[in-house]
Amino acid sequence: MKKPMRRIVIAIDGPAASGKSTTAREVARRLGLVYLDTGAMYRAVTFKALREGIDLKDGDGVAEMTRRTHLELQWVNNEQHVLLDGEDVSLAIRTPEVTAGTTPVSGHPQVREILVGWLRRMGATGGVVAEGRDTTSVVFPDADVKIFLSADIEARAGRRMKDLESVGVATSPNEQSELLSRRDHADSSRQASPLVKVPDAIEINTSHITIEQQVQRVVDLAREVAEA
Ligand code: DC
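First, a word on scope: everything that follows refers to the structure included in this document. In this text the structure is predicted, and so the values were computed from the model without any measurement.

## Some points on the overall build of the chain
Within the chain one finds 9 helices and 8 strands. Against the compact-globule benchmark of 17 Å for 228 residues, the chain has a radius of gyration of 17 Å, which places it among compact chains. Seen through its C-alpha atoms, the chain measures out along the principal axes to roughly 50 × 40 × 35 Å. Looking at the chain residue by residue over its 228 residues, the buried ones come to 52%. Within the chain, counting contacts between residues at least 6 apart in sequence, those at least 24 apart form 74% of the total. In the structure as shown, the chain presents an accessible area of about 11100 Å², 52% of it carried by carbon and sulfur atoms. Each charge class in the chain was averaged separately, 30 positive and 33 negative side chains, and the resulting centres sit 3 Å apart.

Dropping the structure here:
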């Protein structure tokens, strides 16, 4: 195994199903960095709000609940575990209901402020690969490497379908294209930290390249920065 690199911060943003989590996880593994799945945190907060019957449109209510929440991302045998107040909710946060609920929840500035604070503390000493919608623009604007991952809607719908099938949810490419288009619109047009490609981010379109190629590209960029 290669020696761990300088404690750099790599931030990766992009639309849903553009390959962010697969890329970030593998880049982190190869470079000996910690993977920060910021979407999992929005999902966990949404899951708890649904369970407590909190109106997802009530920003103050969701923020109040978030403040009395303890979230942890742990790695066991190369698998991420999301602990919500000590309970493992890794699978429960991937349901279509939670996915749909993250749109209103992640649109509340009060909620984002709390999660951004947590994420910055997690990355304060560097050595992380963070991925999400605002990691290059808001959470880590001084990241050493900033990546914007993109992919065309057909490629993304196909990936999303496979992910859902692997957890036993049957769906179709058309349904997923429709849902992704709606999420793209919501993520990019919201007032609070919309998804943007910041000027200093390097765009990688993953529609027609392999996972190995996209991972290698980020690893090469990171090594260039770390060794400069
Ligand atoms: O990447 P994902 O599908 O797990 O993200 C879940 C939701 O959280 C999605 O609606 C976008 C939102 N999100 C966000 O607003 N900001 C982030 N940094 C990460 C995710």
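More follows now that the structure is in view.
## Focus on the packing of helix α2 (residues 38-51) against helix α3 (residues 59-67)
It is the contact of α2 with α3, at a shortest axis distance of 10 Å, that shows an interaxial angle of 110 degrees. As summarised for this structure, α2 and α3 are arranged roughly perpendicular, according to the angle between their axes. Here α2 contributes Val45, Lys48 and Ala49 to the contact with α3, which in turn contributes Val62, Met65 and Thr66. Grouping the amino acids of the contact of α2 with α3 by side-chain chemistry returns 4 nonpolar, 1 polar and 1 charged.

## A word on the site of the ligand
Taken together, 14 residues sit near the ligand, with Arg43, Thr102, Arg112, Asp134 and Arg183 positioned nearest. The separation between an oxygen atom of the ligand and a polar side-chain atom of arginine 133 is 2.9 Å. Between the ligand and arginine 190 there is a distance of 2.9 Å, counted from an oxygen atom to a side-chain nitrogen or oxygen. Burial of the ligand by the protein amounts to 96% of the accessible area it has alone, namely 450 Å². Looking at the shell around the ligand, the elements that each hand over two or more residues are α2, α4 (96-106) and α8 (173-189).

## What about the sheet that holds strand β6 (residues 128-132)?
Across the sheet, which stays open at both edges, the 5 strands sit in the order β2-β6-β1-β7-β8 with parallel pairing between neighbours. For this open sheet the edge positions go to β2 (34-37) and β8 (202-205), each flanked by a neighbour on one side alone. Averaged over neighbouring strand pairs, the angle between their axes works out to 20 degrees when direction is ignored. Of the strand pairs in this sheet, strand β1 (residues 9-13) and β6 are connected by 5 bridges, and their pairing is parallel. Along β6, the bridge assignment pairs isoleucine 10 with valine 129.

## Focus on the packing of helix α7 (residues 153-166) against α8
α8 packs onto α7 with a crossing angle of 110 degrees between their chain directions and a minimal axis gap of 8 Å. Accordingly, the angle class assigned to the pair α7 and α8 is roughly perpendicular. Crossing geometry of α7 relative to α8 is assigned as right-handed. Where α7 approaches α8, its residues Ile153, Arg156, Ala157, Arg160, Met161 and Leu164 are matched on the opposing element by Pro173, Gln176, Ser177, Leu180, Ser181, Arg183 and Asp184. Split by residue class, the contact of α7 with α8 holds 6 nonpolar, 3 polar and 4 charged.

## Brief notes about unusual backbone geometry
In this model, aspartate 85 sits at a positive phi of 50 degrees, which is unusual for a non-glycine residue. Residue placement: aspartate 85 occurs in the loop between β4 (79-84) and β5 (87-88). Overall, the relative accessible area of 40% leaves aspartate 85 in the partly exposed class. Here serine 193, not a glycine, exhibits a phi torsion of approximately 45 degrees, which is positive. Position of serine 193 relative to the elements: it lies in the loop between α8 and β8.

How each quantity is defined
- Residues numbered from 1 in each chain as written.
- Predicted model: local features only at pLDDT ≥ 70, side-chain atom pairs only at ≥ 80, totals over all residues.
- Heavy atoms only, no water.
- Helix = DSSP H or I, 4+ residues; strand = E, 2+ residues; numbered from the N terminus.
- Rg over C-alpha atoms; globule rule 2.2 N^0.38 Å.
- Buried < 20%, exposed > 50% of the residue type's maximum accessible area, 1.4 Å probe, protein only.
- Contact = heavy atoms within 4.5 Å.
- Areas by Shrake-Rupley, 256 points an atom, 1.4 Å probe, with all protein chains shown as cover.
- Lys, Arg positive; Asp, Glu negative; His and termini not counted.
- Charge placed at Lys NZ, Arg CZ, Asp CG, Glu CD.
- Axes fitted to C-alpha atoms, helices over the stretch in contact; angles between N-to-C directions.
- Parallel < 35°, antiparallel > 145°, perpendicular 65-115°, else oblique.
- Nonpolar A, V, L, I, M, F, W, Y, C, P; charged D, E, K, R; others polar.
- Near = heavy atom within 4 Å.
- Polar contact = N/O pair within 3.5 Å; in protein donor to acceptor, adjacent residues only side chain to side chain.
- Pairing = 2+ DSSP bridges.
- Left-handed = near helix turned anticlockwise from the far one by under 90°.

By themselves these figures say nothing about function.
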